[in-house]
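The chain contents come next:
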Amino acid sequence: MESTVEKLKFVRPNRCDNSGPNCLEVAITADGGRVLRSSQRPAEQITVDADEWSAFVGSVRAGQTF
């Protein structure tokens, strides 16, 4: 039986060089969360809910560094 994550459509940022295997891939879940993975290690994934994703994007746009 396929897992929910396997059914997700992962996309890469426009700035990612699609000829190389080192890109961040993101999929949107049914509840608005995100699943993140590296194209080098697609089996290793991080899942965040919609609030966590919004906070992350807001901090990046604000120029916060980690």
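To start, this report covers the structure provided alongside it. Please read these numbers as outputs of a predicted model, since none were measured by experiment. (Residues numbered from 1 in each chain as written. Predicted model: local features only at pLDDT ≥ 70, side-chain atom pairs only at ≥ 80, totals over all residues. Heavy atoms only, no water.)

### Topic: the state of the cysteines
Then comes step 1: One pass over the full model with this rule turns up one disulfide.
Then comes step 2: Disulfide partner of C16: C23, at an S-S distance of 1.7 Å. Take C16 and C23: they sit in the same class, and that class is buried. (Disulfide = S-S within 2.5 Å. Buried < 20%, exposed > 50% of the residue type's maximum accessible area, 1.4 Å probe, protein only.)

### Concerning helix α2 (residues 50-61)
Within an α-helix, residues lying three or four positions from one another point in the same direction, as the helix has 3.6 residues per turn.
Then comes step 1: Along its 12 residues, α2 runs 16 Å from first to last C-alpha, staying within 8% of the 16 Å computed at 1.5 Å per residue.
Then comes step 2: What α2 keeps buried is the set W53, V57 and S59. Considered in projection along α2, the buried side chains sweep an arc of 160° and stay on one side of the axis. Exposed positions of α2 whose direction lies more than 90 degrees from the buried face are D51 and A55.
Then comes step 3: Residues of α2 that are buried sit in contact with β1 (24-28), β2 (34-38) and β3 (41-48). (Helix = DSSP H or I, 4+ residues; strand = E, 2+ residues; numbered from the N terminus. Expected span 1.5 Å × (residues − 1). Arc of directions from axis to C-beta. Contact = heavy atoms within 4.5 Å.)

### Let's talk about the sheet that holds β1
Then comes step 1: Read from one edge of the open sheet, three strands run β1-β2-β3, paired in antiparallel fashion. This sheet does not close on itself; its edge strands, each paired only once, are β1 and β3. Each neighbouring strand pair of the sheet contributes to a mean axis angle of 25°, computed without reference to strand direction.
Then comes step 2: Taken together, the five bridges between β1 and β2 define a ladder with antiparallel strand orientation. Of the residues in β2, the one forming a bridge with E25 is R37.
Then comes step 3: Packed onto the sheet, α2 meets β1, β2 and β3 and runs at close to 95° relative to β3. (Pairing = 2+ DSSP bridges. Axes fitted to C-alpha atoms, helices over the stretch in contact; angles between N-to-C directions.)

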